[in-house]
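# Topology and contacts: notes
The lines below spell out each chain.
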There are 2 protein chains.
Amino acid sequence: MVYLTEDNIARIIKAIDNEEIFTWRELFLDLHPTDQVNLFKMLEPDRRRIIYRHLSSEEFADVFQGLEFREQKEVLLELEYPYAVGMLNNMYSDDAADFLGEIDDLTAKKFLENMDDEEAQDIQDLLEYPDETAGAIMTTEYVAVEAHETVAEVLEKLRAEAPDAETIYYLYVIDNNEKLVGVISLRDLIVAGLDQRIKEIMNTNAISVSVLKDQEEVAKVIKDYNFLAVPVVDSHGILMGIVTVDDVIDVLEEETTEDFGDISAARGAVDLDMVSMEAAKRRLPWLVLLLFIGMITAGIIGSFQETLGKFTILAIFIPLIAGMGGNIGTQSLAVVVRGLALEKFDRTRVVNLIKREVGTGIIIGVVCGVLVSLISQVVAGGHPILGFIVGFSLFCVLVVSTLIGTVIPLIIHYFKLDPAVASGPFITTVNDVVGLTIYFSIATMLLNYL
Amino acid sequence: MVYLTEDNIARIIKAIDNEEIFTWRELFLDLHPTDQVNLFKMLEPDRRRIIYRHLSSEEFADVFQGLEFREQKEVLLELEYPYAVGMLNNMYSDDAADFLGEIDDLTAKKFLENMDDEEAQDIQDLLEYPDETAGAIMTTEYVAVEAHETVAEVLEKLRAEAPDAETIYYLYVIDNNEKLVGVISLRDLIVAGLDQRIKEIMNTNAISVSVLKDQEEVAKVIKDYNFLAVPVVDSHGILMGIVTVDDVIDVLEEETTEDFGDISAARGAVDLDMVSMEAAKRRLPWLVLLLFIGMITAGIIGSFQETLGKFTILAIFIPLIAGMGGNIGTQSLAVVVRGLALEKFDRTRVVNLIKREVGTGIIIGVVCGVLVSLISQVVAGGHPILGFIVGFSLFCVLVVSTLIGTVIPLIIHYFKLDPAVASGPFITTVNDVVGLTIYFSIATMLLNYL
C-alpha cells in the first residue's frame, strides 16, 4: 500500500492525460483508500470521467464511500446509471445506507429496486432504524464463529473472510439461532493453542448494545472500555451488526457539532453546506425568541425612564453592564456544557461546581467592579457617586450572571428540556434583563434617595 | 472477563467486609480493567485500604492508571510509599509520565529516583517531550519485529509479548539501528503463509509521525486513515513509540474542550476541578480586555448624548440592538469555528461561506427588522419614525454582525493569531460597538434632519 506524495500525484495525473490506463490504474489502486479519495478530489471533471470509464464499479465504490455527502451528490450526476447501481452494490452497507438515506426518497427507492436483492435488503433494514441509534450507524460486515469450532479452524476461516470484514480483531460467537453468546479477540486467539475450542477461550460476558441505543451512549461504551468495536443485538439477543471505533470518532465529532449549535443558539445550522435560506430558517426561531426576551430589556429601561430622564449619563453604561453579564455567563455556561458532555454529575459535584463558579464570580466581580468604578469616574468627569453605582452594579451583575450561567444549563439537563435554551445568546439575553434591572434599581435608589 | 453488574458489586463489597480475601480478589481481578476502576471509585476509604493491602502493587497499577488525575492525587495520599513506587513501576509508561508530569516536581523527582532504572528512564524520556506532541502522548509498549523473520516465528513471538503490548494489531518492522522500515497488520499476518518472511508482506510505505508533531495532527492522521495506531519516529527515523486510537479519542475530547474555552473566552478554565482563584485568574484577562472594549460603547453613546438628551426613548432599545448583533454574530462564529476544526478551507470555500452567511444575515435581518419596527411602535406608543429607526437599524446591525462573526475567526485562523480572540464574548462586544454606532448614527440623521 502506498500513500500520496507530490511525486505520485504528478505521475498518476500524467498517466491519465497520456491515456496510459494500465499505469495509472496500478498506481491509483495501490494507494491507501483514503488517499485514493484525496487524489480523486483533486481531479478535474474530464479526468474524473476517465476514472469512471476505467475503474470497475466495485473499485470505484471504495472512492465513493470516502467522499462527503455534498461531493457524492455531485459525482452521482457524472455517473451512468448502471455504473452507479453497481457501485452501490459494492459499498459497505452502512455507507450505502447513509448515502441513500440522504438523497430524495424517489431516487433512493429506484436505486434499491435495481440493486442486488440481498444488498438492497441489508440497506433497507439499516434505513429503518431511527437516526442516531446503534442500528443506524452499525455495519453488517463482521466475522461470526461458532462455539464448537477450534482455533485452527477459525484462523483458516479468517484467511478467507478477512478481505470483506470491517474488522477481524474481534470475532463474534453465535449459536444456531444467531444469538450472540460470546466474543473473542484476535489477541486471545493468537495466544491460545491451535486445537483449543472457541467455547473454552471465549468471553461469555460480552458487552453488547441494543439496536435502538443512542449513538452517543454507544460511543461512550467503546471509549470507556477502549474497545475497537462493540456488537449490536436486537431485543432477542440476536447479533445484528457491529459499531467500530472509527464510526465512534465520527459520532463524537457529530455530537460536538451539535453542542456547538446548541451553545450558539444555531441548532442544526452549524453546517457549511447549507444554503442561506435553510440556515436562516433554522436560526430564526431562536433569534425571534431572543428578540422577544430582548423587548423585556426595553420595558425595564422604560420603567426607569424617570431616573434616566434626570440622569441621562446612566445610559452610556447600559451596554457595558449588560455585556459583561453576558460575557461571564457565557464562560460559566461553557464550563457546564462541556462538563456535562464528559461526565455524569451527582449532587456533590453540582453543589461544588456552583460554589466554585460563584466564588469565581465574586473574585472577578471585585476586580472588574473596582476597575470600572475608577475608569467611569474619569470618563464621566469626576462623578464619585456615579463611579460607585457603576462599579457596585457591575460587581452584583457579575456574581448573579455567573450563577445564572451555571444553574440554567444544569436545570435544563436535569429536566431534559431543550438544550438549545442553555445557549450563549440565551444566557446573554437573560443576563441583559437581570443586569439592567440591578443597575437601574441601584442607580434609582442611590440617586433619588441620597 | 466480567463486567460490572449490581449483583457482582454487592458480592464483592460483601466479601471485602467479611474479609473473604480470596473471594473478592478473584471477583475483582476478573473484572474488565475499566470496571475495576468503576468499582474502586465506589468504595469508602476503609474498604479502599483493604484493597491496597491485598492487591499487589502491579495489580493495583491497572486501577490507578484508569483514574482521573484529581482522584489519583487523593489515592496517592492513602498509599504507603514503597507500594506507590511499585505501582508506578508497573504502569504503562505514558500513564505514569502523565501522572508524574502533573504532580509537583520534587515529589516526582523522588519517585523517579526510587523507581526501577529502566522504567524511570522511559518516563523521563517521555516527560522531556513538549506538551501536546506525539512524543508526550505515545506509549513505548509496542511489538517490534525484524524483516527476515517468518510469519510463524512472529506468531510465536506474539504469544509471549501479547500480554504486555498496548496493541498487537500492528507490528512494527525495524532494522539493526532500530529504524522503522515497515509496518504489518495482524490482519495481513493471518492471511499470509506461515513460512513467508516479513519483508515479503510488510508495507514499506508506513505512515509515521515525528515525535514533535502536534497531537491534533496525529489524531487527524489516525482518523483520516482509520488506523488503530500510528508509529512515532525521531528525526533519524528511529521508532520511539506508538500512538493508539484510544489516545486519539482523548486528544479529540481535549481539543474540543479547548475550542469550548476559546469560543467562550474562558481559555484553559473549562475544567471542573479547578479552584475559584485559579479559574478567576484564567478568565479575568479576557474579561478585563472586554471591559476596556466595552468602555468604547460608553464613549460612543456619550458622543451621541445630544441626540439622546432630546430623545431619551432611544435608550430603551440600546440593549436590544446590541444584544441581537451579539446573538447572530455568535451563531456565525460557531459555524466557522466548527468548520475550521473539521476541514481545510481554501479560497472558494471561504468566499462561499461569507456569501452564505451574509445571505443568511439579510434574510434574518428583514424578518427581525420588520418585527421589531412593528412591536417598538406599540411599546413606544405610536411613534412611526421611531419604529422605522429601530427596525432599519436592527436590519443593518444583523447583516454587519453576521459578517463580523464570520470574518474575524477566519482572519484569526489565517494569521494564526490567538484563537481566543474569536470568542463569542469578543464578537458580542465588538458587535455592541458597531451596532450602537449604526443605531445612533441612523437615529441622529433621521431625527435631527427630517
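Analysis parameters
- Residues numbered from 1 in each chain as written.
- Chains lettered and ligands numbered in written order.
- Predicted model: local features only at pLDDT ≥ 70, side-chain atom pairs only at ≥ 80, totals over all residues.
- Helix = DSSP H or I, 4+ residues; strand = E, 2+ residues; numbered from the N terminus.
- Rg over C-alpha atoms; globule rule 2.2 N^0.38 Å.
- Buried ≥ 20, exposed ≤ 12 C-beta atoms within 10 Å, placed from the backbone.
- Contact = placed C-beta atoms within 7 Å.
- Axes fitted to C-alpha atoms, helices over the stretch in contact; angles between N-to-C directions.
- Left-handed = near helix turned anticlockwise from the far one by under 90°.
- Nonpolar A, V, L, I, M, F, W, Y, C, P; charged D, E, K, R; others polar.
- Domains from an automatic or database assignment.
- Pairing = 2+ DSSP bridges.
- Least-squares fit on C-alpha atoms with pLDDT ≥ 70 in both.
- Core = buried A, V, L, I, M, F, W, Y, C linked by C-beta atoms within 7 Å.
- pLDDT = per-residue confidence, 0-100.
- Right-handed = clockwise from strand over helix to strand, strands pointing away.

When helices and strands are tallied, chain A shows 22 helices and six strands. Computed over C-alpha atoms, the radius of gyration of chain A comes to 30 Å, more than 25% over the 22 Å expected from 2.2 N^0.38 for 450 residues, which places it beyond the range of a compact globule. Along the three orthogonal principal directions, the C-alpha set of chain A runs to about 90 × 60 × 45 Å. Here chain A holds 450 residues, and 43% of them are scored as buried. Of the contacts made within chain A by residues no fewer than 6 positions apart, 69% connect residues no fewer than 24 positions apart.

Moving on to the packing of helix H1 (residues 6-17) of chain B against helix H2 (residues 21-30) of chain B. Residues and elements named next belong to chain B. Relative to each other, H1 and H2 sit at 145°, their axes nearing to 8 Å. Judged by the twist between their axes, the crossing of H1 over H2 is left-handed. Where H1 abuts H2, its residues Asn8, Arg11, Ile12, Ala15 and Ile16 lie against Thr23, Trp24, Leu27 and Phe28. Of the residues in the contact of H1 with H2, the class split is six nonpolar, two polar and one charged.

Let us now look at the domain arrangement of chain A. Each assigned domain of chain A is listed with its residue range as follows: domain 1 (6-129), domain 2 (144-255) and domain 3 (276-449). If you average the C-alpha positions of domain 2 of chain A and of domain 3 of chain A, the two centres end up 51 Å apart.

Attention shifts here to the sheet that holds strand E5 (residues 229-233) of chain B. All names here are of chain B. Strand order in this open sheet of three strands is E4-E5-E6, and the pairing throughout is mixed. Because the sheet does not close on itself, it has two edges, and the strands there are strand E4 (209-210) and strand E6 (239-244). Across the sheet, helix H15 (residues 215-224) touches E4, E5 and E6, and the angle it forms with E5 is around 140°. Packed onto the sheet, helix H16 (residues 245-263) meets E5 and E6 and runs at close to 65° relative to E6.

This next bit is on the environment of Met91 of chain B. All names here are of chain B. Mapped onto the secondary structure, Met91 falls in the loop between helix H7 (81-90) and helix H8 (93-102). Taking the C-alpha atoms as reference points, Met91 and Lys416, separated by 325 residues in sequence, lie 38 Å from one another. Those residues within four positions of Met91 in sequence are excluded, and the remaining contacts are Ala61, Phe64, Gln65 and Ala96.

Here the focus is the sheet that holds strand E4 (residues 209-210) of chain A. All names here are of chain A. Strand order across the open sheet formed by three strands is E4-E5-E6, with mixed pairing between neighbours. Looking along the sheet, the strands with just one partner apiece sit at the ends: E4 and strand E6 (239-244). Strand direction decides the pairing type here: E4 and strand E5 (residues 229-233), joined by two bridges, are parallel. Bridge pairing links Val209 to Val232 in E5. Packing against the sheet, helix H15 (residues 215-224) makes contact with E4, E5 and E6, and its axis sits at approximately 140° to E5. Here helix H16 (residues 245-263) sits on the sheet and contacts E5 and E6; the angle it forms with E6, its principal contact strand, is near 65°.

Residue and element names in this part refer to chain A. Relative to strand E3 (residues 180-185), strand E2 (residues 170-174) is paired through five bridges, and the arrangement is antiparallel. If you follow Tyr170 over to E3, its bridge partner there is Ser185. Between E2 and E3, which follow one another and run antiparallel, lie five residues, and Glu178 among them has a positive phi close to 65°.

With that out of the way, let us pick up the relation of the copies chain A and chain B. After a rotation of 180° and a shift along the axis of 0.0 Å, chain A superposes on chain B with an RMSD of 0.1 Å. A rotation of that kind, with that shift, is consistent with a two-fold axis.

Here we take up the interface of chain A and chain B. Opposite the 97 residues of chain A that make contact, chain B presents 96 residues. The element that contributes the greatest number of residues to the side of chain A that touches chain B is helix H19 (residues 318-342) of chain A, accounting for 17 residues. Of the residues belonging to the side of chain A that touches chain B, the class tally is 60 nonpolar, 27 polar and ten charged.

To continue, consider unusual backbone geometry. Glycine aside, negative phi is the norm for most residues, and most peptide bonds take the trans geometry. With a phi close to 65°, Glu132 of chain A is a non-glycine residue in the positive phi region. Following the sequence through the fold, Glu132 of chain A ends up in the loop between helix H10 (117-128) and helix H11 (134-137).

Let us now look at the environment of His148 of chain A. Residue and element names in this part refer to chain A. Among the structural elements, His148 can be located in the loop between strand E1 (144-145) and helix H12 (151-161). On the basis of neighbour count, His148 is assigned to the exposed category, with 10 C-beta atoms found within 10 Å. Linking His148 and Asn203, residues 55 residues apart in sequence, is a C-alpha distance of 14 Å. Ignoring any residue separated from it by four or fewer positions in sequence, one finds His148 in contact with Arg197 and Lys199.

Here we take up the nonpolar core. Grouped burial of nonpolar side chains is what soluble globular proteins tend to show. With 129 residues, the main nonpolar core has Tyr172, Val232 and Val243 of chain A together with Tyr172, Val232 and Val243 of chain B as its most contacted residues. Core analysis: the second largest hydrophobic core is formed by 120 residues, Ile328, Val337 and Ile404 of chain A together with Ala422 of chain B among them.

Examined against the element boundaries, Gly261 of chain A turns out to sit in helix H16. Residue Gly261 of chain A is classed as buried on the basis of its 25 C-beta neighbours within 10 Å. In this structure, Gly261 of chain A is in contact with Ala266, Arg267, Gly268, Ala269 and Val270 of chain A together with Ala334 of chain B, ignoring residues within four places of it in sequence.

Moving on: the confidence of the model for chain A. Averaged over every residue, the pLDDT of chain A is 89; the share at 70 or more is 98%. Interface predicted TM-score (ipTM) for the complex: 0.80; the corresponding pTM is 0.80.

Here the focus is H8 of chain B. Taken together, the buried positions of H8 of chain B are occupied by Ser93, Asp94, Ala96, Ala97, Phe99 and Leu100 of chain B. Elements that come into contact with the buried residues of H8 of chain B comprise helix H6 (69-78), H7, helix H9 (105-114), helix H10 (117-128) and helix H11 (134-137) of chain B.

Looking now at the pairing of strand E2 (residues 170-174) of chain B. Residues and elements named next belong to chain B. E2 sits mainly inside the fold: four of its five residues count as buried. Here strand E1 (residues 144-145) runs beside E2; their pairing, made up of two bridges, is parallel. When the bridges of E2 are listed, Ala144 appears paired with Tyr172. Considered for its hand, the β-α-β crossover made up of E1, helix H12 (residues 151-161) and E2 is right-handed.

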